[in-house]
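Next come the chains, spelled out residue by residue.
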Amino acid sequence: MSTMASLFKKKTVDDVIKEQTKELRGTQRQITRDRAALEKQEKQMEMEIKKMAKSGNREACKILAKQLVQLRKQKNRTYAVSSKVTSMSTQTKVMNSQMKMAGAMSATAKTMQTVNKKMDPQKTLKTMQDFQRENMKMGMTEDMINDTLDEIFDESGDEEESQDIVNQVLDEIGIEISGKMVRAPAAGKSTPTASPKRKTQISDDEIERQLRALGVD
């Protein structure tokens, strides 16, 4: 990005905070350098006071002592300023975090408002009730189908189905045979005009002849 474009670019909150943090770090470094210079000057002044004391120059010692007191006060003020700068940097970071959190909460609130506006509570409740009702119907239908299938498979096995067909065919043949043999005396029974001691039996040839007449081989 060119310098001209950066001049017209609108600064964001993050940009402002970064600039402030950079300035505070620069201020902190300058305070540290100033303190080091004061400490160096303090040592030199202490040496000078000792030198004046050895030479017996009391007036010079008093003047230098007052200057030393002022210098030490100035040095102590650098610690207070440094502490204040550190506190400002910390507060700036905390404010940045709080602003980001507030922005996230604001965006979430707007999203929730949009969803609540589009969501009709009555319609949503009806949809849930409809789903529950249809789900119950589907479950009942599934149970009925399963019960019916179980009954079909239980009652219509291959072996049982074959036996039913055989019994049906035999019943039909038996009915037809009975119809054809109404006048024929049954085995072991006597005719009305026959003597009690006389028994009429149907021969095997007669039975075969009647079966052939019915189309049964």
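Rules used in this analysis
Numbers given for residues are sequential positions, taken from 1 along each chain in its written order. Only residues with pLDDT of 70 or above have their local features reported here, since the model is predicted, and side-chain atom pairs are shown and tallied only from 80 upward, although totals for entire chains, interfaces and linings are computed over all residues. In computing side-chain values, all of the structure's heavy atoms are included and hydrogens and water are not. Numbering goes from the N terminus for both helices and strands, where a helix is a DSSP run of H or I of at least four residues and a strand is a run of E of at least two. Working rule for helices: expected span equals 1.5 Å times residues minus one. Residue exposure (1.4 Å probe, protein chains only): buried if accessible area is under 20% of the type maximum, exposed if over 50%, otherwise partly exposed. Contacts between residues were defined by any pair of non-hydrogen atoms, one from each residue, lying within 4.5 Å. For patch building, the residue pool is restricted to those with more than 30% relative accessible area and no salt bridge; the joining distance is 9 Å between like charges and 5 Å between nonpolar side chains (Val, Leu, Ile, Met, Phe, Trp, Tyr). Per-residue and other accessible areas follow the Shrake-Rupley method at a 1.4 Å probe size, with only the shown protein chains counted as cover for residues. By definition, a salt bridge exists where a carboxyl oxygen of Asp or Glu is found within 4 Å of a side-chain nitrogen of Lys or Arg. The charge count includes Lys and Arg as positive and Asp and Glu as negative, but it does not include His or the ends of the chains. Note on charges: their place is set at NZ of Lys, CZ of Arg, CG of Asp or CD of Glu. Side-chain rings of Phe, Tyr and Trp (the six-membered ring for Trp) are treated as a pair once their centres are within 6.5 Å; stacked means planes under 30 degrees apart, edge-to-face means over 60, and tilted covers the remaining angles. Here, a charge over a ring means that NZ of Lys or CZ of Arg falls within 6 Å of the ring centre while also lying within 35 degrees of the ring normal. UniProt positions are given in the numbering used here, feature names are shortened, and annotations may be inferred rather than shown by experiment. The set of buried Ala, Val, Leu, Ile, Met, Phe, Trp, Tyr and Cys residues whose side-chain atoms join them within 4.5 Å is what this entry labels a nonpolar core. All axes here are fitted lines through C-alpha atoms, helices being fitted over the stretch that makes contact, and every angle between N-to-C directions spans 0 to 180 degrees. Should an angle fall under 35 degrees it is taken as roughly parallel, and over 145 as roughly antiparallel, whereas 65 to 115 is taken as roughly perpendicular and any remaining angle as oblique. Whether a crossing is left-handed or right-handed is set by the direction in which the near helix is turned from the far one by less than a right angle, anticlockwise for left-handed and clockwise for right-handed. Each residue is assigned to one of three groups, with Ala, Val, Leu, Ile, Met, Phe, Trp, Tyr, Cys and Pro labelled nonpolar, Asp, Glu, Lys and Arg labelled charged, and all others, Gly among them, labelled polar.

Engineer: With reference to specific residues and values, describe helix H2 (residues 13-55).
Structural biologist: For H2, which comprises 43 residues, the first-to-last C-alpha distance of 63 Å matches the rise-based estimate of 63 Å (1.5 Å per residue) to within 8%. When H2 is considered as a whole, its buried residues turn out to be Ile17, Thr21, Leu24, Gln28, Ile31, Arg35, Leu38, Glu42, Met45, Ile49 and Met52. Of the surrounding elements, those touching the buried residues of H2 are helix H3 (58-118). Directly after H2, the chain includes Gly56, whose backbone phi takes a positive value near 85°.

Engineer: Break down a positive patch on the surface for me, citing the residues and quoting the values.
Structural biologist: A surface patch of like charges, here positive, comprises Lys22, Arg25, Arg29, Arg33 and Lys93. The element best represented in the positive patch is H2, accounting for four residues.

Engineer: Tell me about the pattern of salt bridges, residues and numbers included.
Structural biologist: Side-chain pairs of opposite charge can arise whenever the charged atoms involved come near each other. Applying the stated rule across the entire model yields six salt bridges. The partner of Arg72 in a salt bridge is Glu46, and the shortest N-O contact between them spans 2.6 Å. Pair noted here: Arg72 is in helix H3 and Glu46 is in helix H2, with a separation of 26 residues, a long-range link. With a relative accessible area of 34%, Arg72 lands in the partly exposed category. You can call Glu46 partly exposed: its relative accessible area is 27%. The partner of Lys137 in a salt bridge is Glu134, with the nearest N and O atoms 3.8 Å apart. Note that Lys137 and Glu134 are positioned in helix H4 (residues 121-155) at a spacing of three residues, about one turn of the helix. For Lys137, a relative accessible area of 46% gives the class partly exposed. Classification of Glu134 by relative accessible area gives partly exposed; the value is 42%.

Engineer: Help me get a handle on the packing of aromatic side chains, residues and values and all.
Structural biologist: Throughout the structure, instances matching the rule amount to zero aromatic pairs. The ring of Tyr79 has Arg35 lying over it, and the distance from NZ or CZ to the ring centre is 4.1 Å.

Engineer: Describe the UniProt feature "coiled-coil region" (unreviewed entry) in the protein chain, and please don't skip the residues or the numbers.
Structural biologist: Mapped onto this structure's residue numbering, the UniProt feature "coiled-coil region" (unreviewed entry) falls at residues 24-55. Note that residues 24-55 is 100% helix and 0% strand, and that its end C-alpha atoms are spaced 46 Å apart.

Engineer: Could you give an account of a negative patch on the surface, with specific residues and numbers?
Structural biologist: Taken together, the side chains of Glu142, Asp143, Asp147, Asp150 and Glu151 present a region of like negative charge at the surface. Among the secondary structure elements, Asp143 is positioned in helix H4. We classify Asp143 as partly exposed; its relative accessible area is 46%.

Engineer: Which residues make up the nonpolar core, and what values go with them?
Structural biologist: Listed in full, the nine residues of the largest apolar core are Leu38, Met45, Ile49, Met52, Ala60, Cys61, Leu64, Leu68 and Leu71. Of all the secondary-structure elements, those providing two or more residues to this core are H2 and H3. In terms of residue count, the dominant contributor to this core is H3 (five residues).

Engineer: Could you give an account of the packing of H2 against H3, naming the residues involved and the relevant values?
Structural biologist: Running from N to C, H2 and H3 cross one another at 165°; their axes reach a closest spacing of 9 Å. Judged on the interaxial angle alone, H3 and H2 are roughly antiparallel. Like other packed secondary-structure pairs, H2 and H3 cross with a definite hand, here left-handed. The residue inventory of the contact of H2 with H3, partitioned by class, reads 20 nonpolar, 13 polar and nine charged.

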